[in-house]
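Working through the structure, step by step
Next come the chains, spelled out residue by residue.
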Amino acid sequence: MTNILIRNAHLKDEQPTTDIKISGSKIIEIGNNLVNDNDALEIDAEGNVVLPTFIESHIHPDKAFLEERKPNVSGTLAEALKNTAELKAKYTYDDVFSRAQRLIKWSIRNGTTIMRAITDVDPFEETLGVRVLVDLREKYKDLLNMQICAFPQEGIVRHPEVYDMMEESIKMGADIVGGCPYSEDSIEDTKKHIEMVFCFGSKI
């Protein structure tokens, strides 16, 4: 991996700029007028602030920019779910890939290098979002650490086939599964949904 020496970096308020020496993936020294003794690539931060990476812990790349197609006029969750259900029934690989890639590029440009990408797994979208994100994770693996979550947005008890889709998602390369218990039709089904998610994988 490339050795890097960042000069004139601003780390804290009311402190002078400093240098940061990086070897591989680790910061090995911070100080003033550091010596470039390992043929490091030098970057002049010009007094700009240097921060740890941003982490996006909850984002839905498969749903990115849908507001441009069908705005949520009321601003309510109910309308958001209704609009999304209508739109994702028309998803194609290229469509989801294009929107998700646009989001990923935007995130990287703005300093995000760790992301938990949550994609619906349901009767409308099936496992399309997982397939897209697995491909994008590979494409941007040198710039972004992506964890993929298979998310049963429309319920598991309401749609028993979704459990099999979640299992298939893990086999395709998803890292984890999520839960959406409020999508079920009763308190009993909500409890069952939660139990299925927390006990997921016991038979894989």
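This section reports on the structure supplied with the text. (Residues numbered from 1 in each chain as written. Predicted model: local features only at pLDDT ≥ 70, side-chain atom pairs only at ≥ 80, totals over all residues. Heavy atoms only, no water.)

So, unusual backbone geometry
So the rule is basically this: Each helix is a run of DSSP H or I of at least 4 residues and each strand a run of E of at least 2, with the numbering of both proceeding from the N terminus.
You will see that Asn-8, though not glycine, has its phi angle at about 60°, which is positive. Here Asn-8 lies in strand 1 (residues 4-9). For Glu-46, which is not a glycine, the phi torsion comes out positive at approximately 55°.

Observations concerning helix 2 (residues 93-109)
Defined as follows: Take the residue count of a helix, subtract one, and multiply by 1.5 Å to get its expected span. Exposed residues in this analysis have more than 50% of their type's maximum accessible area, buried residues have under 20%, and partly exposed residues fall in between, with area computed by a 1.4 Å probe over protein chains only. Contacts are assigned to residue pairs that have any heavy atoms within 4.5 Å of one another.
Between its first and last C-alpha atoms helix 2 spans 24 Å; for 17 residues at 1.5 Å apiece the expected length is 24 Å, and the two agree. Those residues of helix 2 lying buried are Asp-95, Val-96, Phe-97, Arg-99, Ala-100, Gln-101, Leu-103, Ile-104 and Ser-107. Buried-residue contacts for helix 2 involve strand 5 (54-59), strand 6 (112-120), helix 3 (128-139) and strand 7 (145-151). Following helix 2 by one or two positions, Gly-111 has its phi on the positive side, about 100°.

Notes on the sheet that holds strand 6
As a general point, the strands of a sheet are linked pairwise by backbone hydrogen bonds and lie either parallel or antiparallel. Defined as follows: What makes two strands pair is DSSP finding at least two bridges between them.
A sheet is described by the order of its strands in space; here 4 strands give the open sequence 5-6-7-8, paired in parallel fashion. Since the sheet does not close on itself, it has two edges, and those belong to strand 5 and strand 8 (176-177), each with one partner. Summarising the sheet, strand 7 and strand 8 pair through 2 bridges and their orientation is parallel. Bridge pairing in strand 8 links Cys-149 to Ile-176.

Here's the deal with the nonpolar core
Heads up, the condition is: Think of a nonpolar core as a cluster: buried Ala, Val, Leu, Ile, Met, Phe, Trp, Tyr and Cys residues, connected wherever their side-chain atoms sit within 4.5 Å.
In this structure, Ile-104, Leu-133, Leu-136, Met-146 and Met-166 are the most contacted members of the largest nonpolar core, which totals 33 residues. Looking at this core, the elements that each hand over two or more residues are helix 2, strand 6, helix 3, strand 7 and helix 4 (161-172). It is helix 3 that contributes the most residues to this core, 6 residues altogether. Discounting chain neighbours no more than four positions away, the residues touching Leu-133 are Pro-61, Ala-100, Ala-117, Thr-119, Met-146 and Ile-148. Core analysis: the next-biggest nonpolar cluster, separate from the first, contains 5 residues, Ile-6, Ala-9, Ile-20 and Ile-22 among them.

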